[in-house]
Amino acid sequence: MSRQASGFRAWVYQRITAVLLLLFFVYLLSTLSFAPPADFVAWVEWLSQPLVRIGLLIFVGALLLHSWVGVRDAIIDYVHPLGLRITALTLLALWLIGTGLWVLTILG
Amino acid sequence: MKFRVYRYDPESGQKPHMQDYDIETFRGMMLRDALKAIKAQDETFAFRHSCGEGVCGSDGVNVNGTNKLACVTPIADLKEPVEVRPFPGRPVIRDLVVDMTQFYEQYKAIEPWLKRKEPTPEQEILQSPADRDKLDGLYECIMCGCCSTFCPSFWWNPEKFLGPQALLSAWRFLADSRDQAKDERLDFLEGPYKLFRCHSIMNCVEVCPKGLNPTKAIGHIKELMLKKAV
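Note that this is a predicted model, so its numbers are computed, not measured. (Residues numbered from 1 in each chain as written. Chains lettered and ligands numbered in written order. Predicted model: local features only at pLDDT ≥ 70, side-chain atom pairs only at ≥ 80, totals over all residues. Heavy atoms only, no water.)

So, about the packing of helix H5 (residues 163-174) of chain B against helix H8 (residues 214-229) of chain B. Residues and elements named next belong to chain B. Running from N to C, H5 and H8 point in directions that differ by 50 degrees, and their axes come no closer than 9 Å. As the angle between them shows, H5 and H8 are arranged oblique. The chirality of how H5 crosses H8 is left-handed. Taking contact as the criterion, the partners of Pro164, Leu167, Leu168, Ala170, Trp171 and Leu174 in H5 are, on H8, Pro214, Ala217, Ile218, His220, Ile221 and Leu224. Classifying every residue of the contact of H5 with H8 gives eleven nonpolar, one polar and no charged. (Axes fitted to C-alpha atoms, helices over the stretch in contact; angles between N-to-C directions. Helix = DSSP H or I, 4+ residues; strand = E, 2+ residues; numbered from the N terminus. Parallel < 35°, antiparallel > 145°, perpendicular 65-115°, else oblique. Left-handed = near helix turned anticlockwise from the far one by under 90°. Contact = heavy atoms within 4.5 Å. Nonpolar A, V, L, I, M, F, W, Y, C, P; charged D, E, K, R; others polar.)

Structure, rendered in structure tokens:
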């Protein structure tokens with residue numbers, strides 16, 4: 001059974017990343033509302049915990065993948081001229097990759 | 001009762017416009033009866049209809065913003081003035097008559113017949129009552145087009161997205177124990193357009209005059225793809 005990335009797999013990625021996003025959002029909201037880091041030093045300390053770091057990396061990865069599938073869907077629905085569509089998808093891809101690299105430099 | 005009806009005659013050179021009609025009503029009057037009364041007043045008015053009892057699926061129209069089958073829509077439930085327009089997103093041939101070619105092409109594309117790998121037996125291919133039950137809610141589709149022409153994804157990509165009607169029918173054959181072409185059918189539905197333009201907006205479920213649920217059928221197709229993939 002060969003299923004390409006464009007249809008079925010994109011849908012599966014969207015579903016899986018949705019669950020990951022929900023789980024991390026719940027963690028993030030509860031941490032930030034019950035025990036928010038008080039100052040910059042506390043923030044750095046919080047972010048230097050390996051579990052938080054790994055969680056955050058997975059979260060950002062899931063967020064980027066989820067955004068790619070979702071915004072790509074909106075572009076396929078509404079942007080019909082081929083040149084414009086390719087431009088829009090390229091800009092989106094560059095922006096998502098850029099965001100990912102930016103997060104890596106912050107956490108790295 | 002007051003009606004505002006969409007009028008367009010491409011041969012007249014005039015732009016489409018809404019025309020008002022006043023209709024004498026009777027108890028139990030359906031929208032189709034009202035359209036017939038309008039036709040009696042003004043014979044230039046064109047609309048499709050046939051059986052008059054929700055079986056042939058000819059008289060689907062857009063009423064007060066929602067797609068309905070005129071013959072099973074009691075006018076007592078409608079707000080005045082009743083605005084009757086052709087199906088949205090379809091090219092208008094004249095008045096309420098639209099070109100449904102793309103809709104039928106999408107139905108044709110799913111190959112709506114039983115496919116057998118094994119030689120066809122002399123007698124009927126038997127089916128258990130449980131397997132037969134799986135076709136309930138699927139085979140009843142009369143192809144009126146209310147769902148597909150009310151689906152935003154079909155408005156945006158009518159040439160590539162199959163639309164709720166064809167997808168419901170695709171599941172009708174995938175769910176049939178007698179069909180032996182499940183893998184080909186699923187492979188055909190792959191890609192970003194044919195099936196996956198559906199974003200579960202569920203307009204199809206809202207308007208189906210037979211109370212069918214294309215969104216659920218589409219969900220079943222995705223589930224089956226998932227089962228085959230893992």
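The subject of this paragraph is the interface of chain A and chain B. When the parts come together, some accessible area is lost, and that loss is often what is quoted as the size of the interface. Every contact between the two is made by 16 residues of chain A and, on the other side, 17 residues of chain B. Across the contact surface, chain A and chain B share two salt bridges. At the boundary of chain A with chain B, the tally comes to six residue pairs in polar contact (both at pLDDT 80 or more). When contributions to the side of chain A that touches chain B are tallied by element, the ones reaching two or more residues are helix H1 (5-34) and helix H3 (50-78) of chain A. Looking at the side of chain A that touches chain B, its residues break down into six nonpolar, five polar and five charged. (Salt bridge = Lys/Arg side-chain N within 4 Å of Asp/Glu carboxyl O. Polar contact = N/O pair within 3.5 Å; in protein donor to acceptor, adjacent residues only side chain to side chain.)

All names here are of chain B. The domains assigned to chain B are domain 1 (2-98) and domain 2 (101-229). Taken together, the contact pairs 16 residues of domain 1 with 14 residues of domain 2. Note on domain 1 versus domain 2: buried area summed over both sides is about 1,100 Å², and carbon and sulfur give 59% of it. Of all residues in domain 1, Asn67, Phe87 and Arg90 bury the most surface against domain 2, accounting for 44% of the area lost on that side. Inspection of the region where domain 1 meets domain 2 yields zero salt bridges. (Domains from an automatic or database assignment. Buried area = accessible area lost by both parts, 1.4 Å probe.)

Now for the sheet that holds strand S4 (residues 66-69) of chain B. All names here are of chain B. Sheet architecture is open: five strands sit in the order S2-S1-S5-S3-S4, paired in mixed fashion. Edge positions in the open sheet fall to strand S2 (17-22) and S4, since each of these has one partner strand only. Across this sheet, the average inter-strand angle for adjacent strands is 35 degrees, counted without regard to direction. Both strand S3 (residues 60-63) and strand S5 (residues 82-85) contribute to a ladder of two bridges, which runs antiparallel. In the strand pairing of S5, Val63 is matched with Val84. Sheet contacts for helix H1 (residues 31-41): strand S1 (2-7), S2, S3 and S5; angle to S1, the most-contacted strand, approximately 70 degrees. (Pairing = 2+ DSSP bridges.)

All names here are of chain B. Summed over the entire model, instances satisfying the criterion amount to 18 salt bridges over all chains. Its salt-bridge partner being Asp22, residue Lys2 comes within 3.1 Å of it at the nearest N-O pair. Residue Lys2 is located in strand S1, and its partner Asp22 is located in strand S2; the two are separated by 20 residues in the primary sequence. What makes Asp22 partly exposed here is its relative accessible area of 45%. The salt bridge partner of Arg172 is Asp176, with a shortest N-O separation of 3.0 Å. Given a relative accessible area of 16%, Arg172 falls into the buried group. (Buried < 20%, exposed > 50% of the residue type's maximum accessible area, 1.4 Å probe, protein only.)

Residue and element names in this part refer to chain B. For H8, spanning 16 residues, the distance from its first C-alpha to its last is 23 Å, which sits close to the expected 22 Å at 1.5 Å a residue. Looking at H8, one finds that the buried residues are Pro214, Thr215, Ala217, Ile218, Ile221, Lys222, Leu224 and Met225. With a side-chain oxygen lying 3.3 Å from the backbone nitrogen of Thr215, the N-terminal cap of H8 falls on Asn213. (Expected span 1.5 Å × (residues − 1).)

This next bit is on the side chain of A:Thr17. Residue and element names in this part refer to chain A. Position of Thr17 among the secondary structure elements: in helix H1. Accessibility expressed as a relative area gives 4% for Thr17, which makes it buried. From its side chain, Thr17 meets the backbone oxygen of Gln14 in a polar contact 3.1 Å long. Beyond its immediate chain neighbours, meaning those up to four positions away, Thr17 contacts Ala62, Leu65 and His66.

A separate point is the packing of helix H6 (residues 182-189) of chain B against H8(B). All names here are of chain B. Two numbers describe how H6 lies on H8: the axes approach to 11 Å, and their chain directions differ by 110 degrees. By the angle between their axes, H6 is roughly perpendicular relative to H8. In this structure, the crossing between H6 and H8 has a hand that is left-handed. Taking contact as the criterion, the partners of Lys182, Asp183, Leu186 and Leu189 in H6 are, on H8, Ile221, Leu224, Met225 and Lys228. Taken together, the residues that form the contact of H6 with H8 break down as five nonpolar, no polar and three charged.

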